[in-house]
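Okay, here's what each chain looks like letter by letter:
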Amino acid sequence: CYNDIPKKDMIEVKKMGDLVGVKALDILISGAKAKMMGAKAGEYNSGGPVDVSSLTRKCSDDLGLMKQPDKPKFKSALIGIYVRSQPYGGSDKSSNGHRYDSIPFANGMISAGVSCQLVQYVHDEHAKFFDVCKSFDALIVRCNPGQIKADGGDQGKFDDSMRGLRKLGIQVWPSPDVMEFMGAKDALCKIADMNIGLEDTLAYYDPALFTAGFKKTMAFQPRVIKQNRGSSGEGIWIIKLKSGNYCKTYGERSCADDELLDMMEANDNHSEEHTVAEFVEFCVNGRNSKSGTWTSKGVGKYLEGGKAAGGQLVDQRFCPRIVEGELRYNMVADALVGIIHKKPKEGGISAVGGTGSIYTYYGPKEKRFASLTKNFLSIDLPKVMPALGLGEEPIPLWWTSDFINSSPPGTDSKDEKWIVGEFNCSCVGISKCLPAYCKEDTPNACYNDIPKKDMIEVKKMGDLVGVKALDILISGAKAKMMGAKAGEYNSGGPVDVSSLTRKCSDDLGLMKQPDKPKFKSALIGIYVRSQPYGGSDKSSNGHRYDSIPFANGMISAGVSCQLVQYVHDEHAKFFDVCKSFDAL
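Along each chain, residues carry numbers from 1 onward, in the same order as the chain's sequence is written. Two thresholds apply to this predicted model, a pLDDT of at least 70 for residue-level local features and 80 or more for giving and counting side-chain atom pairs, whereas whole-chain, interface and lining totals are computed over all residues. Each side-chain value is worked out from all heavy atoms of the structure, with water and hydrogens disregarded.

Visitor: Before we move on, could you go through the nonpolar core and cite the residues and values that matter?
Guide: Counting 36 residues, the largest nonpolar core has Met109, Trp173, Leu397, Trp398 and Ile430 as the members making the most contacts within it. Secondary structure elements follow DSSP: runs of H or I no shorter than four residues count as helices, runs of E no shorter than two count as strands, and numbering proceeds from the N terminus. Elements with a minimum of two residues in this core: strand E1 (74-81), helix H2 (102-111), strand E2 (114-121), strand E3 (138-141) and helix H11 (452-481). Two residues form a contact once any of their heavy atoms are found within 4.5 Å. Among all residues touching Ile430, those that are not within four sequence positions of it are Tyr100, Asp101, Pro104, Phe105, Trp398, Val458 and Met461. Within the second largest apolar cluster, 29 residues are counted, among which are Leu188, Met331, Ile339 and Trp399. For this analysis, a nonpolar core means a set of buried residues of the types Ala, Val, Leu, Ile, Met, Phe, Trp, Tyr and Cys, connected via side-chain atoms within 4.5 Å. Per-residue accessibility, obtained with a 1.4 Å probe over protein chains only, is compared with the maximum for each type, and a residue is labelled buried under 20%, exposed over 50%, and partly exposed between these values.

Visitor: Explain helix H8 (residues 207-218) residue by residue, including any values.
Guide: To estimate how far a helix should reach, multiply one less than its number of residues by 1.5 Å. In this model, H8 (12 residues) spans 16 Å end to end at C-alpha, consistent with the 16 Å of a helix rising 1.5 Å per residue. What H8 keeps buried is the set Phe210, Gly213, Phe214, Lys215, Thr217 and Met218. Contact partners of the buried residues in H8: strand E5 (202-204), strand E6 (223-227), strand E7 (236-241), strand E8 (260-265), helix H9 (276-285) and strand E10 (313-317).

Visitor: Quick rundown of the state of the cysteines? Include the residues and the values.
Guide: Cysteine sulfur atoms that come within 2.5 Å of each other are treated as a disulfide pair. Throughout the structure, instances matching the rule amount to 0 disulfides. The thiol of Cys116 is unpaired, and the distance to the nearest cysteine sulfur, on Cys133, comes to 12 Å. Given the relative accessible area of 0%, Cys116 is considered buried. No disulfide involves Cys247; its sulfur sits 8.1 Å from that of Cys255, the nearest cysteine.

Visitor: Outline the sheet that holds E6, listing residues and values.
Guide: What makes two strands pair is DSSP finding at least two bridges between them. Taken together, 6 strands build an open sheet; the order of strands is E5-E10-E6-E7-E8-E9 and the sheet is antiparallel. Because the sheet does not close on itself, it has two edges, and the strands there are E5 and strand E9 (271-275). Across the sheet, the mean angle from the axis of one strand to that of its neighbour is 25°, orientation sign disregarded. H8 rests against E5, E6, E7, E8 and E10 of the sheet, and its axis sits at about 150° to E5. Lines fitted to C-alpha atoms define the axes, with helix axes restricted to the stretch in contact, and inter-axis angles between N-to-C directions lie between 0 and 180 degrees. Packing of H9 onto the sheet brings it into contact with E6, E7, E8, E9 and E10, and relative to E9 it is tilted by some 105°.

Visitor: Go over helix H6 (residues 176-183), please, and point to the residues and values.
Guide: Here H6 has its buried residues at Pro176, Val178 and Met182. The inward-facing, buried residues of H6 contact helix H5 (155-167), helix H7 (187-190), helix H10 (370-387), strand E14 (398-405) and strand E15 (418-424).

Visitor: How would you explain a nonpolar patch on the surface if you had to name every residue and give the values?
Guide: A contiguous nonpolar patch, built from Tyr2, Ile5 and Val13 and spanning about 280 Å² of accessible area, is present on the exposed surface. Position of Val13 among the secondary structure elements: in helix H1 (residues 7-36). By relative accessible area, which is 38% here, Val13 ends up partly exposed. Here, patches come from residues exposed beyond 30% relative accessible area and free of salt bridges, joined within 9 Å for like charges and within 5 Å for nonpolar side chains (Val, Leu, Ile, Met, Phe, Trp, Tyr). Surface accessibility follows the Shrake-Rupley procedure with a 1.4 Å probe radius. Residue values consider only the protein chains on display as shielding. Salt bridges are identified by distance alone: a Lys or Arg side-chain nitrogen within 4 Å of an Asp or Glu carboxyl oxygen.

Visitor: Explain the pairing of E14 to me, using residue names and the numbers behind them.
Guide: Most of E14 sits inside the fold, with 8 of its 8 residues counted as buried. Residues of E14 alternate between two faces, with Trp398, Thr400, Asp402 and Ile404 on one and Trp399, Ser401, Phe403 and Asn405 on the opposite face, all of them buried. In terms of strand pairing, strand E11 (residues 326-332) meets E14 through 6 bridges, oriented antiparallel. Each residue of the ladder has a partner; that of Asn330, found in E14, is Thr400. Pairing of E14 with E15 involves 6 bridges; the strand directions are antiparallel. Paired with Thr400 across the two strands is Asn424, which belongs to E15.

Visitor: Got a sec to walk through empty space enclosed by the protein? Specific residues and values, please.
Guide: Whether a set of points on the 1 Å grid over the protein atoms alone is a cavity depends on a 1.4 Å probe fitting there but being unable to get out, while an open set qualifies as a pocket with protein on both sides within 12 Å along at least five of seven lines; lining residues are those with an atom within 4 Å of a point. Grid points are joined across faces, edges and corners, and a volume is the space filled by probe spheres set on the points. Going through the model one piece at a time under the given rule, you end up with 4 cavities of 30 Å³ or more. Counted as a void, the largest cavity has a volume near 100 Å³. A breakdown of the residues in the lining of the largest cavity according to their chemical character gives 10 nonpolar, no polar and 1 charged. Approximately 80 Å³ is the volume found for the second largest cavity. Contributing to the lining of the second largest cavity are 13 residues, with Gly80, His98, Arg99, Ser102 and Gln120 lying nearest its centre. No other element matches E1, which puts 4 residues into the lining of the second largest cavity. Amino acid classes used here: Ala, Val, Leu, Ile, Met, Phe, Trp, Tyr, Cys and Pro are nonpolar; Asp, Glu, Lys and Arg are charged; the rest, including Gly, are polar.

Visitor: Give me the sheet that holds strand E12 (residues 335-343): which residues, what numbers.
Guide: Spatially, E13-E12-E11-E14-E15 is the arrangement adopted by the 5 strands of the open sheet, whose pairing is antiparallel. Both edges of this open sheet fall to strand E13 (358-362) and E15, since each of them pairs with a single strand only. Taking the axes of each pair of neighbouring strands and ignoring which way they run, one obtains an average angle of 25° across the sheet. The sheet contact formed by E12 and E13 spans 5 bridges and is antiparallel. Opposite His341, over in E13, you have Thr360 as the bridge partner.

Visitor: Can you explain the layout of surface pockets? Please cite residues and give values.
Guide: Looking at the second largest pocket, its volume works out to about 1200 Å³. If you trace the second largest pocket, you find 34 residues lining it, with Gly169, Gly476, Ala477, Lys480 and Asp515 closest to the centre. Those elements that place two or more of their residues in the lining of the second largest pocket are E1, H5, H11 and helix H12 (547-556). Counting residues per element, the lining of the second largest pocket draws most heavily on H11, which supplies 8 residues. Tallied by class, the residues present in the lining of the second largest pocket amount to 14 nonpolar, 9 polar and 11 charged.

Visitor: Give a detailed account of the packing of aromatic side chains, specifying residues and quantitative values.
Guide: Think of it this way: a Phe, Tyr or Trp ring, Trp meaning its six-membered ring, pairs with another when their centres are within 6.5 Å, and the plane angle makes it stacked under 30 degrees, edge-to-face over 60, tilted otherwise. In this structure the tally under the stated criterion is 25 aromatic pairs. Relative to Phe575, the ring of Phe574 lies with its centre 5.1 Å away and its plane at 75°, an arrangement referred to as edge-to-face. Residue class for Phe574 comes out buried when judged on its relative accessible area of 2%. An aromatic cluster is present here, built from Tyr329, Phe376, Trp399, Phe403 and Phe423 joined pairwise through their rings. Note on geometry: a ring has a charge over it if NZ (lysine) or CZ (arginine) is within 6 Å of the ring centre and within 35 degrees of the ring normal. The ring of Tyr205 carries Lys307 above its face, with NZ or CZ at 4.7 Å from the centroid. Positioned above the aromatic ring of Tyr489, the side-chain terminus of Arg502 is 3.7 Å from the ring centre.

Worth remembering: the numbers are spatial, not functional.
See the structure below:
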């Protein structure tokens, strides 16, 4: 035995064994480091685990992307778009064709044990693309607004197909509905009664209601009118009565058509002067002889198409402390990762990029904003998604909320009321990755151009995205594993059995059917209508007492298993339906 090895030899034996361990450790560490190393120029790490070889690849490489996990906990893809008619593939691209901040998101997923392949949507192969996407558990959509259309595609068609994947149980971040409802300006009306809202926030979808409502609110106090479709402040107007003739109480009077408005547009802080009638006409019908001459870059027609097409205007009280700046909270799901104070240029009101505004960056625990942070994260945030009609959707992985101080000057910081000016979850960028995007003077910009000191922060954000995404995917998987509750029915598909009589009251305990079943089966039972409980072998819901374990075993193996009861009165119909199953 081992103890028979002479002590004098054991010294040498131990040295050999220890050296084996040291060398093995070196090899294992090298292998681990190799996995952590991102792809080099010309290398491509997005080929698996899901086979995407049938899709057109518009990027030249996956520079910086880590190798995919050998045994991924879940399989995800980051969806991008390369606009073939635009330089570099779009204004947000690195020189290899990927969006400038795609790699940190994907690497965060990979670090969490979730594979994340970089895949580009090409509208010419729409059907094939979405067929491939069915093999993923989750998709991170990073297509900048307007880019699908710019490439010749149909955004509505893309969104509808993403909704179809959501119905299959595939997670989409953010889903089209989340982007639409969070990004719509009337979201401010839906949170008006929260601490982060203003109770006098109104939304208009109809020209007549807008005309009457605006004349009444404008007569009372300065207003901010926000169109729904614009970006970067276009179509957001800060408006005051030139005469200053405000009434003391709301509704006391309405503005006349010829009253002059002093207006500033948030996209570039330019000023205009128009009558009430001209402004209403511009908002409803755009530029014409009735609306006067406009220097705005916009075209008006903010209500065009009605509510269904996104035509809306939001009317909100003007908060004069906007001149002190607004706060942008950068969020990863429910976690705050950073705060940006955006102060307008002197004399301006808007702090959008390119207007000379000053940006100051703070950490998530900044003391001066501690009261807002605590109240927002602990009190209002859990209510936001339900208030927007998105109670069944998770909070977006990467999103922002902009806050404006609505308190009178001199209010103690702990008592200040900050109100939301906008939510944004539509392809929000990571600002510290901006050195990686191409422009005229940096046509070869790439992932490696992000400064090392910024890369540390970028990695933290990406890793947190991966952690939060994994939590959501695990929660979703657990929900699928949970059996039906009393009154719930999980046997409605994938085979349509709605034409058959159902004699059970529920499917208590039956797991949800697989989203993509390997095969389709049914467990056939019978309810004896003349006997107590439907037969001596029945549970109180009408199923045989041991049906659920058999069916759940099939479902756990990836085979759908619907509980179906034979009723002899519909014999022919029953067996016609059964032809759609692979097994009974």
